[in-house]
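These are the residues of each chain, in order.
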Amino acid sequence: TRLLLKAHKVSVLLERFRQALVEQYGARNINVHRHGILGAMPESPDFSLRTDEFRVLAFGKFGRYKRLEVMLDAWPAVRRQVPNARLTIAGQDHPNRAGYMAALAEQHKSDTSIEFLGYLSEDGIAPIFRRCNVAVLPYSSSGGPSGVAHQAVQFGLPLIGPTIADIVNVCTEEGLAIDYYRTDDTADLAEKIVALARDPE
């Protein structure tokens, strides 16, 4: 950290990161630059790609602070109230949690309303986001600003996320369309998904 702070300028993604470097290291060369998107411009949703199913997306590297259990535990309650709901899980294991997604896919293989897509190539990301109705951020703690949240808004997807300070702060500061559930609260997450399915406006 001290070596990096010898640069003329250092950029971080959150204000709390800047504050930590100032307070702990006396740094004076820190800029905060918000997390961006990789696309040139956000795209308007293509509603023709959305079927009569209500598609929920969970995307990322799972197994550490992004965990799928709360989403999967909420899913039966969602399906009881929204029978046309479909859950798409895309991404891969966190490097420190090898086998995490394969174990969950095996555990839920009999549920035809859940699809585990695994790793997506760059070309495969946009079609998945475009066909879904909402992106859920199933985080149990924060790893900083969410790249998945920024990808979701690039494709016009609203978000449902936990009441974790970093998520709340980023979404508030950047004006992202999000509804919050109590962190790790399965029933509250199910309620938020059902509410959005019933009232898309």
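Anyway, here's the lowdown on the structure attached to this text. These numbers were taken from a predicted model, which means no experiment stands behind them.

Observations regarding the nonpolar core
In a soluble, globular protein the nonpolar side chains are often hidden away together inside.
Part 1 of the reasoning: Ranked by size, the top nonpolar core spans 28 residues in total, and within it Val-56, Leu-68, Ile-89, Leu-189 and Ile-193 carry the most contacts.
Part 2 of the reasoning: Elements that contribute at least two residues to this core include exactly strand 3 (54-62), helix 2 (69-81), strand 4 (85-93), helix 3 (100-107), strand 6 (134-136) and helix 7 (186-198).
Part 3 of the reasoning: Per-element tally for this core: the top contributor is helix 2, with seven residues.
Part 4 of the reasoning: When neighbours within four sequence positions are excluded, Leu-68 is seen to be in contact with Ala-58, Phe-62, Ile-89, Tyr-100, Met-101, Leu-104, Phe-116 and Pro-138.
Part 5 of the reasoning: By size, the runner-up hydrophobic cluster in this structure holds 22 residues, among which are Leu-57, Phe-59, Leu-120 and Ile-164.

Some points on the environment of Ala-85
Part 1 of the reasoning: As for its position among the elements, Ala-85 is in strand 4.
Part 2 of the reasoning: With a relative accessible area of 0%, Ala-85 lands in the buried category.
Part 3 of the reasoning: Through-space distance from the C-alpha of Ala-85 to that of Arg-55 is 5.8 Å; in sequence the pair is 30 residues apart.
Part 4 of the reasoning: With residues near it in sequence (within four places) discarded, Ala-85 still touches Phe-54, Trp-75, Val-78, Arg-79 and Ser-113.

Things to note about the packing of helix 2 against helix 7
Part 1 of the reasoning: Where helix 2 contacts helix 7, the two axes come as close as 8 Å, and the packing angle between them is 45 degrees. On the basis of their axis angle, the class for helix 2 and helix 7 is oblique. Considering only the axes of helix 2 and helix 7, their crossing is right-handed. Across the interface between the two elements, Val-70, Met-71, Asp-73, Ala-74, Ala-77, Val-78 and Gln-81 of helix 2 pack against Thr-186, Leu-189, Ala-190, Ile-193, Val-194 and Arg-198 of helix 7.
Part 2 of the reasoning: In terms of residue class, the contact of helix 2 with helix 7 is built from nine nonpolar, two polar and two charged.

A few points about the packing of aromatic side chains
Part 1 of the reasoning: Here the structure, examined in full by the defined rule, presents two aromatic pairs.
Part 2 of the reasoning: Relative to Phe-129, the ring of Phe-59 lies with its centre 5.3 Å away and its plane at 75 degrees, an arrangement referred to as edge-to-face. You can see Phe-59 sitting in strand 3 and its partner Phe-129 sitting in helix 4 (residues 122-131), a full 70 residues away along the chain.
Part 3 of the reasoning: Pairwise contacts between aromatic rings join Phe-59, Phe-129 and Phe-155 into one cluster.

Things to note about the pattern of salt bridges
Part 1 of the reasoning: Here the structure, examined in full by the defined rule, presents nine salt bridges.
Part 2 of the reasoning: A salt bridge links Glu-53 to Arg-86; the shortest N-O distance between them is 3.3 Å. One end of the pair, Glu-53, is in the loop between strand 2 (30-32) and strand 3; the other, Arg-86, is in strand 4, with 33 residues separating them in the sequence.
Part 3 of the reasoning: Among the residues examined, Glu-53 registers a relative accessible area of 21% and is labelled partly exposed.
Part 4 of the reasoning: Overall, Arg-86 belongs to the partly exposed group, its relative accessible area being 23%.
Part 5 of the reasoning: Asp-188 is the partner of Arg-182 in a salt bridge, and the nearest nitrogen-oxygen pair spans 3.8 Å.
Part 6 of the reasoning: Counted as one network, the salt bridges with shared partners bring together Glu-53, Arg-55, Arg-86, Glu-115 and Arg-131.

A closer look at unusual backbone geometry
Part 1 of the reasoning: The phi torsion at Asp-184 lies on the positive side, around 65 degrees, for a residue other than glycine.
Part 2 of the reasoning: Structurally, Asp-184 is set in the loop between strand 8 (178-181) and helix 7.

Section: the sheet that holds strand 5 (residues 114-118)
Part 1 of the reasoning: Here six strands make up an open sheet; going across it, the order is 5-4-3-6-7-8 and the pairing parallel. The open sheet terminates on both sides in strands that have one partner only, identified here as strand 5 and strand 8. The average angle at which neighbouring strand axes cross in this sheet is 25 degrees, direction not considered.
Part 2 of the reasoning: In this sheet, strand 8 lies alongside strand 7 (residues 159-162) in parallel orientation, the contact comprising four bridges. The residue bridging Pro-162 from the neighbouring strand is Tyr-181, located in strand 8.
Part 3 of the reasoning: Contacting strand 3, strand 6, strand 7 and strand 8, helix 7 runs over the sheet at an angle of about 150 degrees to strand 8.

Parameters and conventions
Residue numbers here run from 1 along each chain, matching the order of that chain's written sequence. Where local features are concerned, this predicted model is filtered to residues with pLDDT of at least 70; where side-chain atom pairs are given and counted, the filter is 80 or more; whole-chain, interface and lining totals use all residues. Note that the side-chain values use all heavy atoms of the structure and ignore hydrogens as well as water. By nonpolar core we mean a set of buried residues, namely Ala, Val, Leu, Ile, Met, Phe, Trp, Tyr and Cys, connected to one another through side-chain atoms within 4.5 Å. Three exposure classes are used, based on accessible area relative to the maximum for each residue type with a 1.4 Å probe and protein chains only: buried under 20%, partly exposed in between, and exposed over 50%. Think of it this way: any DSSP run of H or I at least four residues long counts as a helix, any run of E at least two long counts as a strand, and we number them from the N terminus. By definition in these notes, contact holds between two residues if any of their heavy atoms fall within 4.5 Å. Orientation is described by lines fitted to C-alpha atoms, with helices fitted over the stretch in contact, and by angles between N-to-C directions that extend from 0 to 180 degrees. Any angle that falls under 35 degrees is termed roughly parallel, while one over 145 is termed roughly antiparallel, one within 65 to 115 roughly perpendicular, and all others oblique. Left-handed describes a crossing in which the near helix is turned anticlockwise from the far one by less than a right angle; the clockwise case is right-handed. Residue polarity follows a fixed list, in which Ala, Val, Leu, Ile, Met, Phe, Trp, Tyr, Cys and Pro are nonpolar, Asp, Glu, Lys and Arg are charged, and the others, Gly among them, are polar. Here a pair means two rings of Phe, Tyr or Trp (six-membered ring of Trp) with centres within 6.5 Å. Their orientation is stacked below 30 degrees between planes, edge-to-face above 60, and tilted elsewhere. Note on definitions: salt bridges are taken to be side-chain nitrogens of Lys or Arg within 4 Å of carboxyl oxygens of Asp or Glu. In short, DSSP must find at least two bridges between two strands for them to pair.

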